[in-house]
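Results of the structural survey
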Amino acid sequence: MHDFVVVGAGPAGSRFARRAAASGYDVLVFEQGEVGTPLACSGHVSTDIWEFTPAGAREKLLQNEVYGARFHLGGADSRAYEFYKDDPVSNVIDRVGLDKVLADAAREAGADLREHHTVVGVTEHRDHVAVEVRGPEGVESHRAKMVAGCDGPKSRVRRELGLPEPDELLHGVLGFDETPDYQDFVDVHLTVPRFFAWRIPRGDAGVEYGLGMAADSADVRERFDALVDDYGADVHRRCSGLIPIGPPRRVTGRRSFLIGDAAAQTKPFTGGGIRYGMTAADHAAREIDSDDPGTLGDYERAWRADLRTDIRLGKLVRAGYSAPTVLQRAGMTLFEGEIGVHMDRPTTLFSREQLRALFSR
């Protein structure tokens, strides 16, 4: 009988496994394939990411520092509205490498992390959870006091236990040009219905292009090809994945809980969920006692109290992507220039730093 079975060794799963194992819990983690693959997520993250990683990770993973963003209402040659800071706003990292570093940290903390193990069944009982797993040696049965679903937008744990679905799923597409680019600005194009497209310079690693659209959109690939062609990029490697938006009303069961993309703990205005997911993982590790199912409610309250306001404001920010062009142009003209906001926290739109930046122009 394990204390926790964790399904999924992405950032959220590995972060929870590391923290729980370090607290003395018996933690077993299953990853469907090899940790970090296939890539389905951007490597553009806030500088806070290093608070969640072991020593030396920044030196190993950092690819570029970003100081601002150029917003476009048209294509690559359209008018650019620049928003920036004097210090780095964000970092571009080796995204696959991040997963591996976090998984290694979980193992070092004492978690038993097994790759190439696919969870095929999860059943909650009065005093335990039964987990069926298909591994290299066949189907295995495991029991745990609780199960953590950290298995992404199409979570098997969520589906098996009948937990509510996210409000929305977007389809994200990424492509990579290997030509080195050392610019310190990202480009954001508000030309995609209800979301946006982007270009991210990655230093020696080249350039990342991407966009997100409604999961049922028929022209997502055509729009991506148009973005790449507009920049004259030579994209050799592509990948895609789903982006969950809008946490469901409940992310816990009787002896189960969801973290990260499985719980749609993402930013509605960018789709990014690495920091939100690991923040929620820390709340789970602090609040949940595997011997006391009542503590699942403590986790629900803790992560929502921390992230709820930013998620709600993030929805308002995203609504601006679909505003009439004349309003978008007026708003960006008004606020263009130095900023004092945090890329993960829309609440900082009202911070002292942001007000100082606005009134100092």
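This structure is a prediction, so every number in the text was calculated from the model and none was measured.

A closer look at the packing of aromatic side chains
- Scanning the entire structure with this criterion turns up eleven aromatic pairs.
- Aromatic pair phenylalanine 196 and tryptophan 198: ring centres 5.4 Å apart, planes at 55°, arrangement tilted.
- Between tyrosine 209 and tyrosine 231, the aromatic rings sit 5.6 Å apart at their centres with planes inclined by 50°, giving tilted as the arrangement. A residue pair is termed long-range when its members are at least 10 positions apart, and tyrosine 209 in strand S15 (residues 207–214) and tyrosine 231 in helix H5 (residues 220–231) qualify at 22 residues.
- Residue classification places tyrosine 231 among the partly exposed positions, given a relative accessible area of 22%.
- Clustering of aromatic rings is evident, with ring pairs tying together Phe4, Phe16, Tyr25, Phe257 and Tyr299.
- Against the face of tyrosine 81 rests arginine 79, its NZ or CZ located 4.0 Å from the ring centre.
- Here the basic side chain of arginine 237 rests over the ring of phenylalanine 176, its NZ or CZ set 4.3 Å away from the ring centre.

Section: the sheet that holds strand S3 (residues 44–46)
- Strand order in the open sheet formed by three strands is S3-S7-S4, with antiparallel pairing between adjacent strands. Each edge of the open sheet is held by one strand with a lone partner, namely S3 and strand S4 (62–66). When strand polarity is set aside, the average angle formed by the axes of neighbouring strands in this sheet is 35°.
- One ladder, built from three bridges, connects S3 with strand S7 (residues 90–93); its direction is antiparallel. By the bridge assignment for S7, histidine 44 is matched with valine 92.

Some points on H5
- Helix length check: H5 (twelve residues) gives 17 Å between terminal C-alpha atoms against 16 Å at 1.5 Å per residue, within 8%.
- The first or second residue beyond H5 is glycine 232, which carries a positive phi of 65°.

Here we look at unusual backbone geometry
- A cis amide bond links threonine 37 to the next residue, proline 38, at an omega of -5°.
- By the element assignment, proline 38 lies in the loop between strand S2 (27–30) and S3.
- A positive phi is found at arginine 194, a non-glycine position, where the angle reads about 70°.
- Looking at where arginine 194 falls in the secondary structure, it is placed in the loop between strand S13 (185–189) and strand S14 (197–201).

Criteria and thresholds
- Residues numbered from 1 in each chain as written.
- Predicted model: local features only at pLDDT ≥ 70, side-chain atom pairs only at ≥ 80, totals over all residues.
- Heavy atoms only, no water.
- Phe/Tyr/Trp six-rings, centres within 6.5 Å; stacked < 30°, edge-to-face > 60°.
- Helix = DSSP H or I, 4+ residues; strand = E, 2+ residues; numbered from the N terminus.
- Buried < 20%, exposed > 50% of the residue type's maximum accessible area, 1.4 Å probe, protein only.
- Lys NZ or Arg CZ within 6 Å of the ring centre and 35° of its normal.
- Pairing = 2+ DSSP bridges.
- Axes fitted to C-alpha atoms, helices over the stretch in contact; angles between N-to-C directions.
- Expected span 1.5 Å × (residues − 1).

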